[in-house]
Amino acid sequence: MAQTFTVGLLLLADVFYAGEPVLNTAGRFEAVAALLGLILAAAFVIGLLERKNKTFLRMGYDAVAAILIFVGGIVLLYLL
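Residues numbered from 1 in each chain as written. Predicted model: local features only at pLDDT ≥ 70, side-chain atom pairs only at ≥ 80, totals over all residues. Heavy atoms only, no water.

**Regarding a nonpolar patch on the surface**
Nonpolar side chains collect at one region of the surface, where Ile67, Phe70, Val71, Ile74, Val75, Tyr78 and Leu79 lie side by side and expose about 770 Å² of accessible area between them. Checked against the element boundaries, Phe70 lands in helix α3 (residues 61-79). (Patch = residues over 30% accessible without salt bridge, like charges linked within 9 Å, V, L, I, M, F, W, Y side chains within 5 Å. Areas by Shrake-Rupley, 256 points an atom, 1.4 Å probe, with all protein chains shown as cover. Salt bridge = Lys/Arg side-chain N within 4 Å of Asp/Glu carboxyl O. Helix = DSSP H or I, 4+ residues; strand = E, 2+ residues; numbered from the N terminus.)

Dropping the structure here:
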């Protein structure tokens, strides 16, 4: 549902933006942020499909991977 809402906002922004298409103005930062969002979502989907009761610090391995991906992504975005 949230993705559908976001795509709708892109459509509205494109309609009311006086200039070139909104997605053409996106730069490297936005592309990397979108890619990190996809990777983070994929980590959670894999965690849901491969649910085992193995834990690390009382968290599932998918949650640990998500935290590492998030922190690494924030550092990467900061360096851009």
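Still more to cover.
**Quick look at helix α2 (residues 28-49)**
Taking 1.5 Å per residue, 22 residues should reach 32 Å; α2 reaches 32 Å between its end C-alpha atoms and fits that length. Residues of α2 that are buried: Val32, Leu36, Ala43 and Gly47. On an axial view of α2, the arc spanned by its buried residues comes to 55°, and they lie on one face. Structural note: α2 exposes Leu38, Leu48 and Leu49 on the side pointing more than 90 degrees away from its buried face. Contacts from the buried residues of α2 go to α3. (Expected span 1.5 Å × (residues − 1). Buried < 20%, exposed > 50% of the residue type's maximum accessible area, 1.4 Å probe, protein only. Arc of directions from axis to C-beta. Contact = heavy atoms within 4.5 Å.)

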